[in-house]
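Descriptive structure summary
These are the residues of each chain, in order.
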Amino acid sequence: MPINSNGYEPEKIAQFQTILQDVKRWVREVGKIQRENLWKQNLLIETKSSEVDLVTEIDKLSEEYFLKAIGENYPEHSILSEEAGENEKTGTLYRWIIDPLDGTTNYAQGLPIFAISVALQYQQETVLGVIYVPMLDLLFEAIKGQKAYVNGKRIKVGAKSDLKECLLSTGFPYDQAQNPDNNTNYFSHFVPLTRGIRRLGSAAYDLANVAAGILDGHWELNLNLWDVAAGFLLVEEAGGKVILLEDKRGVSFVAGNSVVADKIYQEIRSVDKKKQIVS
Ligand code: IPD
Ligand code: CA
Ligand code: CA
């Protein structure tokens, strides 16, 4: 279906709205499982790409729920999900992008900061995004062209323009010990320029907070599509801006309101330039 300057046709939006109702039910169910198992005795924890890249039995259980629910309700759709990878179906225009538990390190430690991130792409564009924060029962949702909401209430990015007043968040890649391009240079650059920097440990929750104007901006290097697909749509539908750092590895980006995103971007580029001069 063609998109016009206002977004998708009403019939398409209605279809996305119907799918959204399913997603909201699923994330609440999975969130309940995650709440009930936080602080579980002998929680099974394994490592993945590095010693600090963890997966727990609850990541896997959560993912199984989504794969089953999508398989039963939308069997023709493709799915990219963190632990199971890509399940591509031929002839479909739809692809789900799922991070069943974003904030696994926190979860494994018993720190109650984590989220569920579910996005749906239609013709390779993200048209639906939900981020659910189980411990706070916060459900962030957006449909392309239809604004962003938390628990049904409209959200907008913050209105600040001076970095000195901004509270930003960031994260560090799982290859932090192996790759020197691990964000510590940008982190130390921003510390004196801002009100503060948070490292919450869940990129999806960080982006949801940017969309809601609770955090003023976020930047991060080397994430995956499942970490950010829903969050990017939320930020944009909340009136914000995402700028990709295309020359860096993985999904690297800055996000905020348009002024703050541009300023964070410029600062990152100024650090890059200094590095080039020194080396
Ligand atoms: C991680 C979190 C974290 C970010 C990591 C991500 P996971 O996702 O979003 O905040 O800094 O790099 O990979 O592994 O907990 O799903
Ligand atoms: Ca993640
Ligand atoms: Ca995850």
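The following refers to the structure shown. (Residues numbered from 1 in each chain as written. Chains lettered and ligands numbered in written order. Predicted model: local features only at pLDDT ≥ 70, side-chain atom pairs only at ≥ 80, totals over all residues. Heavy atoms only, no water.)

Comments concerning the coordination of the calcium ion (ligand 2)
Coordination of the calcium ion (ligand 2) by the protein comes from Asp99 (OD), Asp102 (OD) and Asp227 (OD), over a distance range of 2.1 to 2.2 Å. Expressed as a motif, the donor residue spacing for the calcium ion (ligand 2) is D-x2-D-x124-D. Here the calcium ion (ligand 3) and the calcium ion (ligand 2) are spaced 3.7 Å from one another, each receiving a donor from aspartate 99. Remark: aspartate 227 occurs in helix H6 (residues 225-237) and aspartate 102 occurs in strand S5 (residues 94-102); sequence separation between them is 125 residues. Classification of aspartate 102 by relative accessible area gives buried; the value is 6%. Residue aspartate 227 is classed as buried on the basis of its relative accessible area, which comes to 8%. (Donors = N, O, S within 2.8 Å, 3.2 Å for Na, K, Ca; no water. Helix = DSSP H or I, 4+ residues; strand = E, 2+ residues; numbered from the N terminus. Buried < 20%, exposed > 50% of the residue type's maximum accessible area, 1.4 Å probe, protein only.)

Focus on the coordination of the calcium ion (ligand 3)
Every protein donor of the calcium ion (ligand 3) is listed here as Glu82 (OE), Asp99 (OD) and Leu101 (O), and their distances to the metal cover 2.2 to 2.4 Å. Counting residues between consecutive donors of the calcium ion (ligand 3) along the chain gives the motif E-x16-D-x1-L.

Structural notes on the packing of helix H1 (residues 10-37) against helix H2 (residues 57-73)
One can describe the packing of H1 onto H2 by two numbers: an axis separation of 10 Å at closest approach and a directional angle of 160 degrees. One element, H1, and the other, H2, form an angle in the roughly antiparallel class. By crossing handedness, the relation of H1 to H2 is classed as right-handed. Listed contacts from H2 to Trp26, Val27, Glu29, Val30, Ile33, Gln34 and Asn37 of H1 are Ile58, Leu61, Ser62, Tyr65, Phe66, Ala69, Ile70 and Asn73. Split into classes, the residues belonging to the contact of H1 with H2 amount to 10 nonpolar, 4 polar and 1 charged. (Axes fitted to C-alpha atoms, helices over the stretch in contact; angles between N-to-C directions. Parallel < 35°, antiparallel > 145°, perpendicular 65-115°, else oblique. Left-handed = near helix turned anticlockwise from the far one by under 90°. Contact = heavy atoms within 4.5 Å. Nonpolar A, V, L, I, M, F, W, Y, C, P; charged D, E, K, R; others polar.)

Focus: the site of ligand 1
Among the 16 residues in the neighbourhood of ligand 1, the closest are listed as Asp102, Gly103, Thr104, Tyr174 and Glu220. The separation between an oxygen atom of ligand 1 and a polar side-chain atom of tyrosine 174 is 2.7 Å. Backbone polar atom of alanine 203 to an oxygen atom of ligand 1: 2.9 Å apart, as the coordinates give it. For ligand 1, whose unbound accessible area comes to 380 Å², protein coverage reaches 96%. (Near = heavy atom within 4 Å. Polar contact = N/O pair within 3.5 Å; in protein donor to acceptor, adjacent residues only side chain to side chain. Areas by Shrake-Rupley, 256 points an atom, 1.4 Å probe, with all protein chains shown as cover.)

Examining the side chain of glutamate 63
Structurally, glutamate 63 can be placed in helix H2. The side chain of glutamate 63 is buried and forms no salt bridge, while lysine 48, the nearest opposite charge, is found at 8.1 Å. At 3.0 Å, the side chain of glutamate 63 forms a polar contact with the backbone nitrogen of alanine 84. Beyond its immediate chain neighbours, meaning those up to four positions away, glutamate 63 contacts Ser81, Glu82, Glu83, Ala84 and Pro100. (Lys, Arg positive; Asp, Glu negative; His and termini not counted. Salt bridge = Lys/Arg side-chain N within 4 Å of Asp/Glu carboxyl O.)

Observations concerning the packing of aromatic side chains
As enumerated under the stated definition, the model contains 12 aromatic pairs in all. Here the aromatic rings of tryptophan 26 and tryptophan 96 are separated by 5.7 Å at their centres, their planes lie at 50 degrees, and the arrangement is tilted. Here tryptophan 26, found in helix H1, pairs with tryptophan 96, found in strand S5; they are 70 residues apart in sequence, far enough to count as distant. Taken as a pair, tryptophan 26 and tryptophan 96 share a single burial class, namely buried. Each ring, one from tyrosine 74 and one from tryptophan 96, has its centre 5.9 Å from the other, and the planes form 40 degrees; the classification is tilted. Placement of tyrosine 74 in the loop between H2 and strand S3 (78-81) and of tryptophan 96 in strand S5 is noted, with a sequence separation of 22 residues between them. Of the residues examined, tyrosine 74 reaches a relative accessible area of 12% and is grouped as buried. Members of the aromatic cluster, connected to one another through ring pairs, are Tyr8, Phe16, Tyr94 and Tyr122. (Phe/Tyr/Trp six-rings, centres within 6.5 Å; stacked < 30°, edge-to-face > 60°.)

Section: the sheet that holds S5
Spatial strand order, S4-S3-S5-S6-S7-S8-S9-S10: 8 strands in an open sheet with mixed pairing. Every interior strand has two partners, whereas the edge strands, strand S4 (85-87) and strand S10 (153-155), have only one. With strand direction ignored, the average angle separating the axes of adjacent strands in the sheet is 20 degrees. Sheet topology note: the strand S8 (residues 138-143)/strand S9 (residues 148-150) ladder contains 3 bridges and is antiparallel. From the neighbouring strand, phenylalanine 140 faces S9, where its bridge partner is valine 150. (Pairing = 2+ DSSP bridges.)

Let's talk about the pattern of salt bridges
As enumerated under the stated definition, the model contains 17 salt bridges in all. Here glutamate 141 ties to lysine 24 by a salt bridge, and the two come within 2.8 Å at their closest N and O atoms. Placement of the pair is glutamate 141 in strand S8 and lysine 24 in helix H1, with a sequence separation of 117 residues. Glutamate 125 is paired through a salt bridge with lysine 144; the nearest N and O atoms lie 3.9 Å apart. One end of the pair, glutamate 125, is in strand S7 (residues 125-133); the other, lysine 144, is in the loop between S8 and S9, and 19 residues separate them in sequence. Overlapping salt bridges, with partners in common, bring together Asp247, Lys248, Arg269 and Asp272 in one network.

Any functional reading would require information that these geometric values do not contain.
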